[in-house]
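# Results of the structural survey
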Amino acid sequence: RACYWARAPCRKPVPEHVAQVAVSLDTAAARNMHTVFEGGAEFTPHPAATRREAVRLAIGRMLRFLVERLERPDQTLHLYSGHDWTVTPLLLAVCRHDEPALRSWPPFCSSLALELWSRSDTP
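All values derive from a computational prediction rather than experimental measurement.

Scanning the model with the defined rule gives 6 salt bridges in all. Here Arg-31 makes a salt bridge to Glu-38, at a shortest N to O gap of 3.1 Å. Given the relative accessible area of 34%, Arg-31 is considered partly exposed. A salt bridge links Glu-53 to Arg-56; its shortest N-O distance comes to 2.8 Å. Pair noted here: Glu-53 and Arg-56 are both in helix α4 (residues 47-71), with a separation of 3 residues, about one helical turn. A network of salt bridges, in which partner residues are shared, links Arg-31, Glu-38, Glu-42 and Arg-51.

Here it is in structure tokens:
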């Protein structure tokens, strides 16, 4: 999966048999990653509770750090870098479980932006 998505955007050669199953492979890989981050919730008696706890353990500290930053604005641009294995649990934490964006692996060079907006007419 990773070899295909690293080569295809750069127009490097990809075996035809791999290109034919790329989308199916991407969907299956994303589902597998979600199962890891969700603690196998779909196989438990209480999937929602298991999913919530597993995602909290996977990315909770990072998400809490980001929220604390948003709660104390300092007029500074903060940039954090990660990989698909960082973006996915953040998406799992902030999106609904049935969000269409979660059906596939995060795209090559994807990003996630959290912005804090304020109005000048409010205190």
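On to the nonpolar core, then. By size, the foremost hydrophobic cluster in this structure holds 12 residues: Ala-29, Met-33, Phe-37, Val-55, Ile-59, Leu-66, Val-87, Leu-90, Leu-91, Leu-92, Leu-102 and Trp-105. Counting only elements with at least two residues in this core, the list comes to α3 (22-37), α4 and α5 (84-94). In terms of residue count, the dominant contributor to this core is α5 (4 residues). Apart from residues lying up to four places away in sequence, Leu-92 is in contact with His-34, Phe-37, Glu-38, Val-55 and Leu-102.

The final tally for this structure, using the stated rule, is 3 aromatic pairs. Ring plane angle 85° and centroid distance 5.6 Å describe the contact between Phe-65 and Tyr-80, whose orientation is recorded as edge-to-face. Note that Phe-65 is positioned in helix α4 and Tyr-80 in the loop between α4 and α5, a separation of 15 residues in sequence. Residue Tyr-80 is classed as partly exposed on the basis of its relative accessible area of 40%. Within the aromatic cluster, the residues linked to one another by ring pairs are Phe-37, Trp-85 and Trp-105.

This paragraph deals with the side chain of Arg-51. For Arg-51, the position within the fold is in helix α4. The exposure class of Arg-51 is buried, given its relative accessible area of 17%. Setting aside its immediate chain neighbours within four residues, Arg-51 contacts Glu-38, Ala-41 and His-97.

Calculation rules
Residues numbered from 1 in each chain as written. Predicted model: local features only at pLDDT ≥ 70, side-chain atom pairs only at ≥ 80, totals over all residues. Heavy atoms only, no water. Salt bridge = Lys/Arg side-chain N within 4 Å of Asp/Glu carboxyl O. Buried < 20%, exposed > 50% of the residue type's maximum accessible area, 1.4 Å probe, protein only. Helix = DSSP H or I, 4+ residues; strand = E, 2+ residues; numbered from the N terminus. Core = buried A, V, L, I, M, F, W, Y, C linked by side-chain atoms within 4.5 Å. Contact = heavy atoms within 4.5 Å. Phe/Tyr/Trp six-rings, centres within 6.5 Å; stacked < 30°, edge-to-face > 60°.

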